[in-house]
Amino acid sequence: MSDSLSAESVRITGHDGEEIEAYLARPSHPPSRGGVVVIHHMPGYDRGTKEIVRRFGELGYDAVCPNLYWREAPGADPADAAATARAGGGVPDERLVGDVGGAAGYLRSLPSSNGKVGVIGYCSGGRQSVLAACNLDLDAAVDCYGAFVTGTPPEGFPLQVTNLVEQLPSLRAPLLGLFGNEDSHPSPEQVDELDRILTEHGKPHEFHRYDDAGHAFFATDRPSYRVAAANDGWERIVEFYGKYLGG
Amino acid sequence: MCTYATVQTTLEGSAKGPEGSWFAVTDATVYFDHPVHALAEHTLNIDFADPAKGPGARVAVELTAAAARDLLSAIQEALDSAPAELTA
């Protein structure tokens with residue numbers, strides 16, 4: 001299999017028909033392939049996230065990451081853009097769904113698309129991945145340690161984040177969850193709760209939980225990186241997307 | 001963890017920012033969450049900014065919790081050491 005790919009910044013149509021920036025990676029093979037929407041973490045549309053997008057390209061998927069902070073800070077340094085978005089209250093859920101929907105539509109419009117699109121998100125993006133899969137027609141969703149899918153967010157702060165418990169019965173795609181047992185947001189108890197709710201509603205899901213790993217264990221440029229958990233997590237993702245996005 | 005916790009306040013002062021130029025800061029965002037650069041899983045982060053001048057008009061600091069508490073004490077000590085009529 002060829003490992004050739006191309007990557008570039010593109011413009012896609014996001015929420016409310018607005019044009020936003022996105023980072024796209026496309027492999028040269030196979031000729032017909034699935035797509036992956038990558039949702040960046042709260043620190044933004046940064047180098048680490050773009051490396052993840054390219055990795056999905058190397059794995060044989062068309063992958064795109066919308067810049068969720070483009071509206072607040074077009075062209076800004078990713079850290080400055082993230083700070084601006086945070087100060088402004090964060091990304092509204094409705095807009096997130098619109099942007100991921102636009103990204104999924106973009107992937108399905110590519111001539112190489114087999115029509116199947118998955119979503120994956122890290123950290124705050126983990127919650128947003130589940131949110132997207134509750135509101136959009138997606139074929140597979142991956143939640144990497146997303147906080148406040150269950151559990152109660154802090155009150156009285158400018159970032160208005162709610163949990164997704166009421167939306168979980170609407171989950172439309174199989175969910176792969178990857179969590180660190182030393183994480184506190186989500187805590188192991190909150191992951192248990194998510195597992196229980198999805199089981200009660202008959203939603204297909206597969207969770208893997210790692211000892212000696214906390215939050216952000218995939219982040220290779222942070223002290224939280226845990227090689228064993230990250231390596232196994234990538235294997236689980238490859239297997240999961242192979243099952244639901246292939247063909 | 002993503003704490004999402006964010007506290008905002010308005011300020012009056014100046015900061016030395018991008019490319020070494022001074023600018024008036026009008027706002028601070030304070031939060032305890034993932035740092036961008038500091039080698040710690042979580043830090044107390046402060047953005048001194050002038051949003052009217054765009055996202056780049058920002059001075060960011062990321063401090064460990066212990067360092068942030070030390071800084072709080074140092075600021076208090078410095079204020080206390082000055083004549084009261086100057087800091088009223």
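Provided above is the structure to which this section pertains.
Structure report, in brief. Remember, predicted model here, so these are calculated numbers, not experimental data.

Along its length, chain B carries two helices and four strands. Secondary structure of chain B in N-to-C order comes out as β-β-β-β-α-α. Buried residues in chain B amount to 32% of all 88 residues. Contacts in chain B between residues at least 24 apart in sequence constitute 32% of all its contacts with a sequence separation of at least 6. In the form shown here, chain B has an accessible surface area of approximately 5400 Å², with 61% of it arising from carbon and sulfur atoms.

Within chain A, the secondary structure is distributed over six helices and eight strands. Listing the helices and strands of chain A from first to last along the sequence gives β-β-β-α-β-α-α-β-α-β-β-α-β-α. Its C-alpha atoms give chain A a radius of gyration of 17 Å, within 12% of the compact-globule value 18 Å for 247 residues. In terms of overall dimensions, chain A has a C-alpha envelope of 45 × 35 × 35 Å along the principal axes. Relative to its full complement of 247 residues, chain A shows a buried share of 56%.

Residues and elements named next belong to chain A. Tracing the chain through its elements places Val165 in the loop between strand S6 (140–144) and strand S7 (175–180). With relative accessibility at 26%, the residue Val165 sits in the partly exposed group. Separated by 16 residues in the primary sequence, Val165 and Val149 place their C-alpha atoms 6.7 Å from one another. Those residues in contact with Val165 that lie beyond four places of it in its chain are Val149, Thr150, Glu193 and Ile197.

A few words now on unusual backbone geometry. Residues and elements named next belong to chain A. In this model, His29 is joined to Pro30 through a cis peptide bond whose omega is -5°. Checked against the element boundaries, Pro30 lands in the loop between strand S2 (19–27) and strand S3 (33–39). Residue Pro186 is bonded to the preceding His185 through a cis peptide linkage, with omega at 15°. By the secondary structure assignment, Pro186 is in the loop between S7 and helix H5 (188–200). Although it is not a glycine, Cys123 sits at a positive phi angle of roughly 60°. Phi at Tyr145 takes a positive value of approximately 45°, unusual for a residue other than glycine. In this structure, Tyr145 sits in the loop between S6 and S7. For Tyr145, a relative accessible area of 2% corresponds to the buried category.

A word on the nonpolar core. Residues and elements named next belong to chain A. Membership of the largest hydrophobic core comes to 50 residues, with the highest contact counts inside it found for Val37, Tyr69, Val100 and Val130. Per-element tally for this core: the top contributor is helix H3 (residues 93–109), with six residues. For Val100, the contacting residues outside a window of four places in its chain are Val37, Ile39, Val119, Ala132 and Leu136. By size, the runner-up hydrophobic cluster in this structure holds 33 residues, among which are Phe56, Tyr122, Cys144 and Leu245.

Before going further, it helps to examine the layout of surface pockets. Residue and element names in this part refer to chain A. Of the pockets and cavities examined, the largest pocket occupies roughly 370 Å³. In this structure, the largest pocket is lined by 23 residues; those nearest its centre are Gly48, Ile52, Phe218, Ala219 and Thr220. For the lining of the largest pocket, the elements supplying multiple residues, two or more each, are helix H1 (47–58) and helix H6 (227–245).

Residues and elements named next belong to chain B. Together, Leu71, Ile75 and Leu79 give the surface a local cluster of nonpolar side chains, amounting to about 250 Å² of exposed area. For Leu71, the position within the fold is in helix H1 (residues 65–81). Using a relative accessible area of 36% as the deciding quantity, one classes Leu71 as partly exposed.

Reading guide: rules and limits
- Residues numbered from 1 in each chain as written.
- Chains lettered and ligands numbered in written order.
- Predicted model: local features only at pLDDT ≥ 70, side-chain atom pairs only at ≥ 80, totals over all residues.
- Heavy atoms only, no water.
- Helix = DSSP H or I, 4+ residues; strand = E, 2+ residues; numbered from the N terminus.
- Buried < 20%, exposed > 50% of the residue type's maximum accessible area, 1.4 Å probe, protein only.
- Contact = heavy atoms within 4.5 Å.
- Areas by Shrake-Rupley, 256 points an atom, 1.4 Å probe, with all protein chains shown as cover.
- Rg over C-alpha atoms; globule rule 2.2 N^0.38 Å.
- Core = buried A, V, L, I, M, F, W, Y, C linked by side-chain atoms within 4.5 Å.
- 1 Å grid on protein atoms, 1.4 Å probe; cavity = no way out; pocket = protein on both sides within 12 Å on 5 of 7 lines; lining within 4 Å.
- Points joined across faces, edges and corners; volume = space filled by probe spheres on them.
- Patch = residues over 30% accessible without salt bridge, like charges linked within 9 Å, V, L, I, M, F, W, Y side chains within 5 Å.
- Salt bridge = Lys/Arg side-chain N within 4 Å of Asp/Glu carboxyl O.

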